[in-house]
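What follows is the residue order along each chain.
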Amino acid sequence: MSRAVEESNRRMLRARDAMDRAYAEPLDIPALARIAHVSPAHFIRTFRATFAETPHRYLQRRRVERAMFLLRETDRSVTDVCLAVGFTSLGTFSRTFRDIIGESPTAYRKRMLPPAAAPGCFTMAYSRPASVLEKHRDAAAR
């Protein structure tokens with residue numbers, strides 16, 4: 001790897017790290033290009049060549065990944081999650097989430113909810129140690 005390519009990769013990593021840290025903030029190409037010390041057009045071309053996706057798509061994917069965590073681990077509303085991860089439009093958030101994940105944020109949350117707890121009487125019966133008689137009966141049935 002040439003020294004120029006190595007330096008270019010380092011600059012792109014610096015910009016990508018800034019995107020990872022500030023994903024919820026409004027980020028624009030000129031600001032990211034300044035972090036990488038290149039022009040905006042060169043930044044977009046080089047970022048895509050380095051990471052195989054545009055800076056915009058990378059940022060969207062990072063935001064959706066964070067939204068997935070919030071939808072799974074909190075009871076915040078979808079709108080609140082949308083705003084917390086940096087989207088300013090619920091429609092754009094839902095469309096982007098569906099494009100990347102394959103289902104709506106609401107459907108994702110429903111699918112990821114833990115199953116409802118079993119009634120206490122079932123839990124107690126299931127976790128109760130088996131008596132000697134039950135063990136012998138079960139062994140005979142096999």
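Our structure's up above, just so we're on the same page.
A quick note: this is a predicted structure, and the numbers were derived from the prediction, not measured.

Criteria and cut-off values
- Residues numbered from 1 in each chain as written.
- Predicted model: local features only at pLDDT ≥ 70, side-chain atom pairs only at ≥ 80, totals over all residues.
- Heavy atoms only, no water.
- Helix = DSSP H or I, 4+ residues; strand = E, 2+ residues; numbered from the N terminus.
- Buried < 20%, exposed > 50% of the residue type's maximum accessible area, 1.4 Å probe, protein only.
- Contact = heavy atoms within 4.5 Å.
- Areas by Shrake-Rupley, 256 points an atom, 1.4 Å probe, with all protein chains shown as cover.
- Phe/Tyr/Trp six-rings, centres within 6.5 Å; stacked < 30°, edge-to-face > 60°.
- Lys NZ or Arg CZ within 6 Å of the ring centre and 35° of its normal.
- Expected span 1.5 Å × (residues − 1).
- Arc of directions from axis to C-beta.
- 1 Å grid on protein atoms, 1.4 Å probe; cavity = no way out; pocket = protein on both sides within 12 Å on 5 of 7 lines; lining within 4 Å.
- Points joined across faces, edges and corners; volume = space filled by probe spheres on them.
- Nonpolar A, V, L, I, M, F, W, Y, C, P; charged D, E, K, R; others polar.
- Salt bridge = Lys/Arg side-chain N within 4 Å of Asp/Glu carboxyl O.

## Description of the overall build of the chain
- A count of helical and extended segments in the chain gives nine helices and zero strands.
- Taken from N to C terminus, the helices and strands of the chain fall in the order α-α-α-α-α-α-α-α-α.
- Out of the 142 residues belonging to the chain, those deemed buried represent 27%.
- Counted over contacts in the chain with a minimum sequence separation of 6, partners at least 24 positions apart contribute 53%.
- Carbon and sulfur atoms provide 57% of the accessible area of the chain, an area that totals close to 9,600 Å².

## Observations regarding the packing of aromatic side chains
- Following the criterion strictly, the structure yields six aromatic pairs and no others.
- Site record: aromatic cluster; members linked through ring pairs are F43, F47, F51 and Y58.
- For R63, the ring lying beneath its charged end belongs to F87, and the centroid distance is 5.9 Å.

## Regarding unusual backbone geometry
- Within the chain, H37 stands out as a residue other than glycine whose phi angle is a positive 60 degrees.
- Note on placement: H37 falls in the loop between α2 (29-36) and α3 (40-51).
- A residue is classified by how much of its surface remains accessible, and H37, at 56% relative accessible area, is exposed.
- In this structure, A52 takes a positive phi of about 65 degrees despite not being glycine.
- When its relative accessible area of 71% is taken as the criterion, A52 is described as exposed.

## Looking at helix α1 (residues 3-21)
- Look at α1: 27 Å from first C-alpha to last across 19 residues, which is about the 27 Å you get at 1.5 Å a residue.
- Of the positions making up α1, those classed as buried are M12, A15, A18 and M19. For α1, the angular spread of buried residues about the axis comes to 110 degrees, placing them on one side. Structural note: α1 exposes R3 and R21 on the side pointing more than 90 degrees away from its buried face.
- Here the buried face of α1 lies against α2, α3 and α4 (55-73).

## Digging into the layout of surface pockets
- Computed from the structure, the largest pocket encloses a volume of approximately 180 Å³.
- Breaking the lining of the largest pocket down by element, the ones donating at least two residues are α2 and α4.
- Tallying contributions element by element places α4 first for the lining of the largest pocket, with five residues.
- Looking at the lining of the largest pocket, its residues break down into seven nonpolar, five polar and two charged.

## Considerations on the pattern of salt bridges
- Across all of its chains, the model carries 10 salt bridges by this definition.
- We note a salt bridge from E7 to R10, for which the minimum N-O separation is 3.2 Å. Residue E7 and its partner R10 are located together in helix α1, separated by three residues, close to a single helical turn.
- Among the ionic pairs, R76 bridges to D80, the shortest N-O distance being 2.8 Å.
- Among the residues examined, D80 registers a relative accessible area of 33% and is labelled partly exposed.
- Beyond isolated ion pairs, a larger network of salt bridges with shared partners links D20, E53, R61, R62 and E65.

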